[in-house]
Amino acid sequence: MARVKRAVNAKKHHKAVLEEARGYYGDRSRTFRSANQAVQHAGVYAFRDRRARKGEMRKLWIQRINAGSRAHGLSYSRFIAGLNAAGIEVDRRMLAELAVSDQPAFAAIVAQANAALSK
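This one's a predicted model, so the numbers in the text were calculated from it and none came from an experiment. (Residues numbered from 1 in each chain as written. Predicted model: local features only at pLDDT ≥ 70, side-chain atom pairs only at ≥ 80, totals over all residues. Heavy atoms only, no water.)

When you go through the protein residue by residue, the secondary structure sums to 5 helices and 0 strands. Along the protein, helices and strands appear, N-terminal first, in the series α-α-α-α-α. Computed over the C-alpha atoms, the radius of gyration of the protein is 26 Å, more than 25% above the 14 Å expected from 2.2 N^0.38 for a compact globule of 119 residues. Counting across all 119 residues of the protein, residues that qualify as buried make up 21%. Restricting the contact set of the protein to residue pairs at least 6 apart, pairs at least 24 apart contribute 45%. Per element, the accessible surface of the protein, about 9,100 Å² overall, is 52% carbon and sulfur. Both charge centroids of the protein, one from 23 positive and one from 9 negative side chains, sit 9 Å from each other. (Helix = DSSP H or I, 4+ residues; strand = E, 2+ residues; numbered from the N terminus. Rg over C-alpha atoms; globule rule 2.2 N^0.38 Å. Buried < 20%, exposed > 50% of the residue type's maximum accessible area, 1.4 Å probe, protein only. Contact = heavy atoms within 4.5 Å. Areas by Shrake-Rupley, 256 points an atom, 1.4 Å probe, with all protein chains shown as cover. Lys, Arg positive; Asp, Glu negative; His and termini not counted. Charge placed at Lys NZ, Arg CZ, Asp CG, Glu CD.)

Glancing now at the pattern of salt bridges. Pairing is possible between side chains of opposite charge, provided their charged atoms come close. Counted under the stated rule, the structure contains 2 salt bridges. We note a salt bridge from Arg22 to Glu19, for which the minimum N-O separation is 3.4 Å. The closest approach of N and O atoms between Asp49 and Arg48, which form a salt bridge, is 2.9 Å. The exposure class of Asp49 is partly exposed, given its relative accessible area of 33%. Classification of Arg48 as partly exposed rests on a relative accessible area of 47%. (Salt bridge = Lys/Arg side-chain N within 4 Å of Asp/Glu carboxyl O.)

Counting all residues, the mean pLDDT for the protein is 96, and 100% of those residues have values of 70 or more. Of all secondary-structure elements in the protein, the lowest mean pLDDT belongs to helix H5 (residues 103–118), at 95, while helix H2 (residues 32–71) reaches the highest, 97. (pLDDT = per-residue confidence, 0-100.)

Here we come to the packing of helix H3 (residues 76–86) against H5. Packing of H3 against H5 leaves a shortest axis separation of 7 Å and a crossing angle of 75 degrees. Between H3 and H5, the angle falls in the class roughly perpendicular. Facing H3, whose interface residues are Arg78, Phe79, Ala81, Gly82, Leu83, Ala85 and Ala86, H5 presents Phe106, Ile109, Val110, Gln112, Ala113, Ala116 and Leu117. Of the residues contributing to the contact of H3 with H5, the split by class is 11 nonpolar, 2 polar and 1 charged. (Axes fitted to C-alpha atoms, helices over the stretch in contact; angles between N-to-C directions. Parallel < 35°, antiparallel > 145°, perpendicular 65-115°, else oblique. Nonpolar A, V, L, I, M, F, W, Y, C, P; charged D, E, K, R; others polar.)

Here we come to the side chain of Ser69. Looking at the secondary structure, you find Ser69 in helix H2. Those residues in contact with Ser69 that lie beyond four places of it in its chain are Leu74, Ser75, Tyr76, Phe79, Phe106 and Val110.

Our focus in this paragraph is the nonpolar core. In this structure, Ile65, Phe79, Leu83, Leu95 and Phe106 are the most contacted members of the largest nonpolar core, which totals 14 residues. Broken down by secondary-structure element, the contributors of at least two residues to this core are H3, helix H4 (92–101) and H5. Beyond its immediate chain neighbours, meaning those up to four positions away, Leu83 contacts Ile88, Leu95, Ile109 and Ala113. (Core = buried A, V, L, I, M, F, W, Y, C linked by side-chain atoms within 4.5 Å.)

Here you go:
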């Protein structure tokens, strides 16, 4: 059986890992072993945090909606209950955007939710 030489592929892999570790502090950007470990951990953190970011954004939208609805005399939970009662289906991302940038439109939605609650 023929002998397998790995020098070219190993060199290519080492170069790629060290390139990805550019800007890391100290040994992590210079030696392959440290750089490889740092790059692997960075990948794990990136994977985890891409998913965590979605929950963080939802929390931010809820805070903005709460602030906007309280300015119109309604708590967040009552506002959402009113939207459900009124049959209004607008996602939290759009509601948060309206609360921040288009307050008259948000006020109209709050009024509809409040009317549906008082029925």
